[in-house]
Amino acid sequence: MTTVGVPAGWPATEEEARAVQDELRGRVVLDEPGPEPGAGRVTGVDVAYDDDLDLVAAAAVVLDAATLEVVAEATAVGRVSFPYVPGLLAFREIPTVRAALDRLPCPPGLVVCDGYGLAHPRRFGLASHLGVLTGLPVIGVAKNPFTFAYDDPGAERGACAALLAGTEEVGRALRTRDGVKPVFVSVGHRVSLDNAIAHTLALTPRYRLPETTRRADALCRRALREAAQGGAGGAQEATRRQASAS
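- Under the annotation held in an unreviewed UniProt entry, the chain carries the name Endonuclease V and is attributed to Streptomyces yokosukanensis.
- Taken verbatim from the UniProt record of the chain, the Sequence similarities (unreviewed entry) comment is "Belongs to the endonuclease V family."
- The UniProt entry for the chain carries this comment under Cofactor (unreviewed entry): "Mg(2+)".

### As for helix 5 (residues 211-229)
Step number 1: When the terminal C-alpha atoms of helix 5 are compared, their 27 Å separation across 19 residues agrees well with the 27 Å that a helix rising 1.5 Å per residue should span.
Step number 2: Inspection of helix 5 places Glu-211, Thr-212, Thr-213, Ala-216, Leu-219, Cys-220, Ala-223, Leu-224 and Ala-227 among the buried residues, and these make up the whole buried set.
Step number 3: Each element contacted by the buried residues of helix 5 is listed here: strand 1 (41-50), strand 2 (55-64), strand 3 (70-79) and strand 4 (110-113).

### Looking at the UniProt feature "binding site: Mg(2+)" (unreviewed entry) in the chain
Step number 1: When the UniProt feature table is mapped onto this chain numbering, "binding site: Mg(2+)" (unreviewed entry) sits at Asp-46 and Asp-114. What stands out for the annotated residues spanning 69 residues is how close their C-alpha atoms remain, the widest pair being 6.1 Å apart.
Step number 2: Tracing the backbone shows Asp-46 in strand 1.
Step number 3: For Asp-46, a relative accessible area of 9% gives the class buried.
Step number 4: Contacts of Asp-46, omitting those with residues within four sequence positions, involve Ala-57, Ala-58, Ala-59, Asp-114, Thr-213, Ala-216, Asp-217 and Cys-220.
Step number 5: You can see Asp-114 is positioned in the loop between strand 4 and helix 3 (126-134).
Step number 6: For Asp-114, a relative accessible area of 22% puts it in the partly exposed group.
Step number 7: In this structure Asp-114 touches Val-45, Asp-46, Val-141, Ala-142, Lys-143 and Thr-213, once residues within four positions along its chain are discounted.
Step number 8: Polar contacts involving the side chain of Asp-114 include one to the side chain of Lys-143, which spans 2.6 Å.

Each value, and the rule that gives it
Residues numbered from 1 in each chain as written. Predicted model: local features only at pLDDT ≥ 70, side-chain atom pairs only at ≥ 80, totals over all residues. Heavy atoms only, no water. UniProt positions renumbered as here; feature names shortened; annotations may be inferred. Helix = DSSP H or I, 4+ residues; strand = E, 2+ residues; numbered from the N terminus. Expected span 1.5 Å × (residues − 1). Buried < 20%, exposed > 50% of the residue type's maximum accessible area, 1.4 Å probe, protein only. Contact = heavy atoms within 4.5 Å. Polar contact = N/O pair within 3.5 Å; in protein donor to acceptor, adjacent residues only side chain to side chain.

See the structure below:
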């Protein structure tokens, strides 16, 4: 079975991981607007775990930003590279996520993480970490507000409210469906918050969660099942698909 290895020098302790966050946080770019919503390509990344087998599966799914049709996809499976520690989840996920991104047959464009960017206790969540390491524009769209406060946004789709750490706005609670619980959007790297909100709305024409997240979630879960079952070929090998639309 071929799996993604843990990179040489990868942090092994909480102290080492926090030192890496401190070192990389200053490289986050916050003064670029980012790609235009609804144009080019946008890629969702997500992961699934089998802790009993010490496996993590990552998926990257590229969509045409205008049509939301799948352009390409890739998966990778690796060993879990860091213990579970709140605030340090990026260290469990990034090696395999990067492997999936590297195996795409086309540039990913904007990357959307199922997680946090600046909306993180150390202002350096997965979306920021991945953006700094890859140089890609990245945003985080999370299902819950982590530890941050917010006022409930209006009930209509598109309503939003500041996600606050004290008086600092670290993201926004965004209503993507009328009367449905909001999602929590934050900047990762090389995208403005207003643009991140616009991208999230463009990616949620029918459901609460972005199409990028929905498709990447389904794909990584399938890859993990196949890897755990030792299926023919094994999802631990990258899978690729280039659609005719590309």
